[in-house]
Amino acid sequence: MDELEKIAPELSKIKKENPFRVPDNYFDDFSVRLQKKLDAEKAGDIQNKNRIIQFLKPAIGLAAGFALIIMISYWPLKTTTTNQNASNTGSESDISEMLYANMVEGIDVNSFYALLNESNGKTQLNDDDLATFISSNTSEYDIYSETNN
């Protein structure tokens, strides 16, 4: 006991008694209360229905929670994906223009002049094609210096 006072003086001041007690006069009318509960249990079909509801409440709550989460995440995704689909429909022409621009950029100068001189009628280059080629193969400074000379 002396060691306990040295280690934890506040703990040693607590009395050693059992804190759990039976309420006063608990066993005086115990048999009467027990009989009432047994009678109620025999006639308790209503309690069985309540037990089913109590059993299903967590499952229904869980299903409602999942439904709410799905609805909350589905609505914003639906609105953003429809906007993206609407913007992507107009970009098919943009993709074909980029592919054409990439083809023109890949041609070297000698091949480009050969295509211009070719008179088989299959290849027709318009002003936009020429402008695309020039802008992709030369810098703005080169174009500026050529126009001043």
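Some words on the overall build of the chain
Inference 1: Along the backbone of the chain there are eight helices and zero strands.
Inference 2: Per-residue burial over the chain gives 5% buried out of 149 residues.

Section: the pattern of salt bridges
Inference 1: Under the criterion given, the structure shown has two salt bridges.
Inference 2: Residue Glu 10 is joined to Lys 13 by a salt bridge in which the shortest nitrogen-to-oxygen separation is 3.6 Å. Each member of the pair, Glu 10 as well as Lys 13, carries the same accessibility label: exposed.
Inference 3: Salt-bridge contacts for Asp 29 lead to Arg 33; the nearest nitrogen and oxygen are separated by 3.5 Å.

Structural notes on unusual backbone geometry
Trans is the common state for peptide bonds, and a negative phi is the common state for residues other than glycine.
Inference 1: For Asn 25, which is not glycine, the phi dihedral falls at a positive 60 degrees.
Inference 2: Inspection of the secondary structure assignment puts Asn 25 in the loop between α2 (9-12) and α3 (30-42).

Section: the confidence of the model for the chain
Inference 1: In this model, the chain carries a mean pLDDT of 77, and residues with pLDDT of at least 70 account for 79%.
Inference 2: Here helix α5 (residues 92-105) stands out as the element of the chain with the lowest mean pLDDT, 70, in contrast to α3, whose mean of 87 is the highest.

Here we look at a nonpolar patch on the surface
Inference 1: Taken together, Val 22, Tyr 26, Phe 27, Phe 30, Leu 34 and Leu 38 make up a surface patch of nonpolar side chains, about 550 Å² in accessible area.
Inference 2: Note on placement: Leu 38 falls in helix α3.

Regarding the packing of aromatic side chains
Inference 1: Inspection of the entire model under this criterion finds three aromatic pairs.
Inference 2: For the pair Tyr 26 and Phe 30, a centre-to-centre distance of 5.8 Å together with 45 degrees between the ring planes defines the contact as tilted.
Inference 3: Above the ring of Tyr 26, the side-chain terminus of Arg 33 is found at 4.6 Å from the ring centroid.

Considering the environment of Thr 132
Inference 1: For Thr 132, the position within the fold is in helix α7 (residues 127-137).
Inference 2: Reaching out from Thr 132, the side chain makes a polar contact with the backbone oxygen of Asp 128 at a distance of 2.8 Å.

Scoring rules and cut-offs
- Residues numbered from 1 in each chain as written.
- Predicted model: local features only at pLDDT ≥ 70, side-chain atom pairs only at ≥ 80, totals over all residues.
- Heavy atoms only, no water.
- Helix = DSSP H or I, 4+ residues; strand = E, 2+ residues; numbered from the N terminus.
- Buried < 20%, exposed > 50% of the residue type's maximum accessible area, 1.4 Å probe, protein only.
- Salt bridge = Lys/Arg side-chain N within 4 Å of Asp/Glu carboxyl O.
- pLDDT = per-residue confidence, 0-100.
- Patch = residues over 30% accessible without salt bridge, like charges linked within 9 Å, V, L, I, M, F, W, Y side chains within 5 Å.
- Areas by Shrake-Rupley, 256 points an atom, 1.4 Å probe, with all protein chains shown as cover.
- Phe/Tyr/Trp six-rings, centres within 6.5 Å; stacked < 30°, edge-to-face > 60°.
- Lys NZ or Arg CZ within 6 Å of the ring centre and 35° of its normal.
- Polar contact = N/O pair within 3.5 Å; in protein donor to acceptor, adjacent residues only side chain to side chain.

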